[in-house]
Amino acid sequence: MAALFERIGFMTDREFTNIKLDERFRYDGKDLGAVCEEDRTTFKVWSPAAERIVLRLYREDKGAHCMEREMICGEKGVWELAFERSLHGTYYDYLVRIDGADTVTADPYARACGCNGARSMVVDLRLTDPEGFERDCAPKAQEEQIIYELHIKDFSYDRDGGVPEAYRGKYKAFTVKNTGKDYPTCMEYLKSLGVTHVHLLPFFDYGSVDEAGDERQYNWGYDPLNFNVPEGSYATDAKDGTVRIRECKEMIRAFHENGLRVIMDVVYNHTYQEDSWLQRVMPGYYYRYHEDGRLSDGSACGNDIAAGRAMVDNYIADSVMYWAKEYHIDGFRFDLMGLLTVELMNRIRRELDQEFGLGEKLLYGEPWRADSSPMERGTRAALKENTRCLDEGIGIFSDDTRDAIKGHVFEEKEPGFVNGGSDLEPLILHAVTGWRDGGADFCPLSCSQIINYVSAHDNFTLWDKLVLSMHGKDPDFTRRYEDVLAANRLAAFIYFTCQGNLFMQAGEEFGRTKLGEENSYCSRPEINMLRWHQTVEFGDLVEYYRGLIRLRKKLPGLCDKSPGAEMRITAKSIHRDGVVSFRVNNRALGHESWEELLIVYNASPDDYRMRVPEGSWEVLADGKAADCRRMIEEGVREVPVEGRSGMLLAR
Ligand code: CA
């Protein structure tokens, strides 16, 4: 193989090499990795660069190998070996010879692994299914996507949550039915909130937490090690590779049983280290390099995966399909999607639609990257500026909406519309249509491409940002500032009345604070965890969000995702500094709903008297309550909209 490799110029011209490689060695089979059934196990690994590959089998996660076998190189650079029996539960790795040097590597296609992921494991996947998993299916799609972003450990680390000690911070915490508290916590709480999707921060196997270490370790997990294996530190046993798979599936089944769909945060743009399994089996192929040979670093994590090459794209698309099929995942959030390509994202959209039905699986991502990255010739980066090249069913986080509402994410003191910013009225009115009627430096194909949000795991929590921008130096993040609460409610009211999909960070609805910490990716779990008692202390805020969530689902004029949905929004008006209003055509076939909505945002500190148009109107939400019903008496032609609040009227 090395000679062949030299002939196609592997070491001389990288780009030329990769194009040639893709032409000659592209392999589209879906059987890479160890595939194990009742009476047969096959191992396949793609490496046109290898001169020799030896498969080594182990009885246990640790210790010496008990058997080794030479693999055979077949077509397209795929090395393979088959056994006429099930090797379920056997650990393995590969000894790969490239340019005369032998390297040990785990299987980049591994579906299971031992503790810390360095040794892969053969599993018969059917034996990892929890009871009844074959009947598990997602709850019916609802009128709107309301996504709740959550980290697995944050969910149950707080003892106040009432999850048994052994399950705290684990997949298993989601299966606990009764937490024994006198207020709803954990899954009961999530269910009561009314959100439709839970988006989980990365839970593929990542490298930054020692799975044999103590429970006080913490990381968000944006450092992939084994893309097709669940993370071991969330399992009750990280050594036996079947346990993490079964428990991860139990978690997903529990979400489905409680009426929630599950979205997986995926990080295909980089790996934990350059020295990954992908790199060990096929050096140089899976990463981007600058012309001088340096690794590119558009991810700011040390390396960029070279999306745009045939086997890289196959790897990513196949991995997504694997999670969707095997684990019943209902959607994917792409980290730094701007490092991947439009072509790959559209292909993933297409494959998911073909397999599961149009739009059944959600797809969205960050339409940006930390730095530029040398893309493959002929590909386009999946950046915000290329939104119109992306399928209508691929969403982008709208930083425009986020920053207009609450201010810049990096400039902590810089306010947005709700916390004292000025001249933002026109932008807020554009945000309402998901930027379909201008106002931004891009225009989506429809508001289905827009994810409206004001907080996520990155940067300050909404509460902390509002406190910092409204209460200056050394504020007390744990104090219930009434003006911050009002700004928080108004921020929520605004994005819940924008067209597009809705997204919130867990705890936004109960004043979640990280005590002003901006980047808590590896901070103590106590900084990051959800503090369940705050759902009581901020019960009024939680109730307000619950109301907004219920109300949103009843308003087809705002839920409409069609390309013409922005036409529903009329009579946009700026009344004075900080006060805007617009009307929404809320009629929809098959919906018995209000015909028209009138929505007012008053970000100024003073009350505003809003003129009520002709007709019989009622208030469905104001600054204190959402999803209420209060008729406006006949003859009353003005309603007061309190300072720093919103109002939604309907007729
Ligand atoms: Ca791990």
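One can find the structure itself at the top, above this paragraph.
The structure displayed is predicted, hence computed values, not measured ones.

Topic: the overall build of the chain
In terms of regular secondary structure, the chain is built from 16 helices and 27 strands. Here the C-alpha radius of gyration of the chain, 26 Å, is about what a compact globule of 651 residues would show, namely 26 Å. The buried share of the chain, taken over its 651 residues, is 63%. Expressed as a percentage of contacts within the chain between residues at least 6 apart in sequence, the contacts between residues at least 24 apart total 72%. Total accessible area on the chain is roughly 24,500 Å²; 47% of this is exposed by carbon and sulfur atoms.

Describing the coordination of the calcium ion
Those protein atoms acting as donors to the calcium ion are Asp 205 (OD), Tyr 206 (O), Glu 211 (OE) and Glu 231 (OE), and they sit at 2.2 to 2.3 Å. Donor residues binding the calcium ion come from one chain and are separated in sequence as D-Y-x4-E-x19-E. Remark: Glu 231 occurs in the loop between β13 (224–230) and α5 (241–257) and Tyr 206 occurs in strand β12 (residues 204–206); sequence separation between them is 25 residues. The two residues Tyr 206 and Glu 231 agree in class, both being buried.

Quick notes on the sheet that holds strand β5 (residues 72–73)
On the basis of which strands lie adjacent, the open sheet formed by four strands has the order β1-β2-β6-β5 and antiparallel pairing. Of all strands in the sheet, those bounded by a partner on one side alone are β1 (33–37) and β5.

Some remarks on the packing of helix α11 (residues 462–470) against helix α12 (residues 482–495)
Put simply, α11 and α12 touch, their axes get as near as 10 Å, and they point 125° apart. If you check the angle between α11 and α12, you find them oblique. Helix-helix and strand crossings are classified by hand; for α11 and α12 the assignment is right-handed. Between α11 and α12, the contacting residues are Leu 462, Trp 463, Leu 466, Val 467 and Met 470 on the first element and Asp 483, Val 484, Leu 485, Ala 487, Asn 488 and Ala 491 on the second. Among the residues making up the contact of α11 with α12, the classes are represented as nine nonpolar, one polar and one charged.

Section: the nonpolar core
Of all hydrophobic cores here, the largest spans 177 residues; its most connected members are Phe 43, Trp 46, Phe 203, Phe 332 and Phe 334. At 12 residues, helix α7 (residues 310–327) tops the list of elements feeding residues into this core. In this structure, Val 612, Val 641, Met 647 and Leu 649 belong to the second largest nonpolar core, which totals 13 residues.

Observations regarding helix α15 (residues 539–553)
If you check α15, its first and last C-alpha atoms are 22 Å apart, about what 15 residues at 1.5 Å a residue would give, namely 21 Å. For α15, the full list of buried residues reads Leu 541, Val 542, Tyr 544, Tyr 545, Arg 546, Gly 547, Leu 548, Ile 549, Leu 551, Arg 552 and Lys 553.

Section: unusual backbone geometry
Of note in this structure, Asn 116 is not a glycine but carries a positive phi near 65°. Take Asn 116: it is sitting in the loop between β8 (101–105) and β9 (120–121). Even without glycine at this site, Asp 627 takes up a positive phi of about 65°. By secondary structure assignment, the location of Asp 627 is in strand β25 (residues 626–631).

Details of the pairing of strand β2 (residues 40–46)
The buried fraction of β2 amounts to six of the seven residues, a majority that puts the element mostly inside the structure. Sheet analysis places β1 next to β2, joined by five bridges and oriented antiparallel. Each bridged residue has a counterpart across the sheet, and for Glu 37 the counterpart in β2 is Arg 40. Note that β2 and strand β6 (residues 78–83) share six bridges and pair antiparallel. In the strand pairing of β6, Val 45 is matched with Trp 79.

What about the pattern of salt bridges?
Here the structure, examined in full by the defined rule, presents 58 salt bridges. Put simply, Arg 333 and Asp 265 hold a salt bridge, and the shortest N to O gap is 2.8 Å. You can see Arg 333 sitting in strand β15 (residues 331–334) and its partner Asp 265 sitting in strand β14 (residues 261–266), a full 68 residues away along the chain. As far as the burial class goes, Arg 333 and Asp 265 line up, both buried. For the salt bridge of Arg 480 with Asp 540, the shortest nitrogen-to-oxygen distance reads 2.9 Å. Separated by 60 residues along the polypeptide, Arg 480 in the loop between α11 and α12 and Asp 540 in helix α15 bring together distant segments of the chain. Here the salt bridges share partners, and the residues they tie into one network are Arg 583, Arg 587, Glu 595, Glu 596 and Arg 651.

Details of the packing of aromatic side chains
Summed over all chains, the structure comprises 34 aromatic pairs. Chaining the aromatic ring pairs together yields one cluster made of Trp 46, Tyr 109, Phe 204, Phe 227, Tyr 268, Tyr 285, Tyr 286, Tyr 315 and Phe 334. Across the ring face of Tyr 322, the terminal group of Arg 111 is positioned such that the distance to the ring centre comes to 5.6 Å. One Lys or Arg, Lys 361, reaches over the ring of Phe 356 and ends 4.4 Å from the middle of that ring.

What to know about the sheet that holds strand β22 (residues 596–602)
Ordered by their spatial adjacency, six strands build an open sheet running β20-β21-β22-β27-β24-β25, and the pairing between neighbours is antiparallel. The open sheet has two edge strands with one neighbour each: β20 (569–576) and β25. Neighbouring strand axes in the sheet, compared pairwise and without regard to direction, differ in orientation by 20° on average. Here three bridges tie strand β24 (residues 618–621) to β25, and the two strands are oriented antiparallel to one another. Among the inter-strand pairings, Ala 621 is bridged to a residue of β25, identified as Ala 626. This element, α15, spans β24, β25 and β27 (645–650) of the sheet and lies at about 75° to β25.

A few points about helix α8 (residues 342–356)
Between its first and last C-alpha atoms α8 spans 21 Å; for 15 residues at 1.5 Å apiece the expected length is 21 Å, and the two agree. Along α8, the positions that sit buried rather than exposed are Val 342, Leu 344, Met 345, Asn 346, Arg 347, Ile 348, Arg 349, Glu 351, Leu 352 and Asp 353. Where α8 is buried, its residues touch α7, β15 and β16 (362–365). Positive phi shows up at Gly 357, right after α8, with a value of about 105°.

A look at the packing of helix α4 (residues 186–193) against α15
The contact between α4 and α15 brings their axes to 9 Å, and the two run at 50°. Considering the angle they form, α4 stands oblique to α15. On α15, the residues that touch Tyr 189, Ser 192 and Leu 193 of α4 are Val 542, Arg 546 and Ile 549. Partitioning the contact of α4 with α15 into residue classes produces four nonpolar, one polar and one charged.

Comments concerning the pairing of β6
With two bridges joining them, β5 and β6 adopt antiparallel strand pairing. Its bridge partner lying in β6, Ile 72 is registered against Glu 80. Counting the residues that bridge the hairpin from β5 to β6 gives four residues, and of these Lys 76 lies at a positive phi of roughly 60°.

Parameters at a glance
Residues numbered from 1 in each chain as written. Predicted model: local features only at pLDDT ≥ 70, side-chain atom pairs only at ≥ 80, totals over all residues. Heavy atoms only, no water. Helix = DSSP H or I, 4+ residues; strand = E, 2+ residues; numbered from the N terminus. Rg over C-alpha atoms; globule rule 2.2 N^0.38 Å. Buried < 20%, exposed > 50% of the residue type's maximum accessible area, 1.4 Å probe, protein only. Contact = heavy atoms within 4.5 Å. Areas by Shrake-Rupley, 256 points an atom, 1.4 Å probe, with all protein chains shown as cover. Donors = N, O, S within 2.8 Å, 3.2 Å for Na, K, Ca; no water. Pairing = 2+ DSSP bridges. Axes fitted to C-alpha atoms, helices over the stretch in contact; angles between N-to-C directions. Parallel < 35°, antiparallel > 145°, perpendicular 65-115°, else oblique. Left-handed = near helix turned anticlockwise from the far one by under 90°. Nonpolar A, V, L, I, M, F, W, Y, C, P; charged D, E, K, R; others polar. Core = buried A, V, L, I, M, F, W, Y, C linked by side-chain atoms within 4.5 Å. Expected span 1.5 Å × (residues − 1). Salt bridge = Lys/Arg side-chain N within 4 Å of Asp/Glu carboxyl O. Phe/Tyr/Trp six-rings, centres within 6.5 Å; stacked < 30°, edge-to-face > 60°. Lys NZ or Arg CZ within 6 Å of the ring centre and 35° of its normal.

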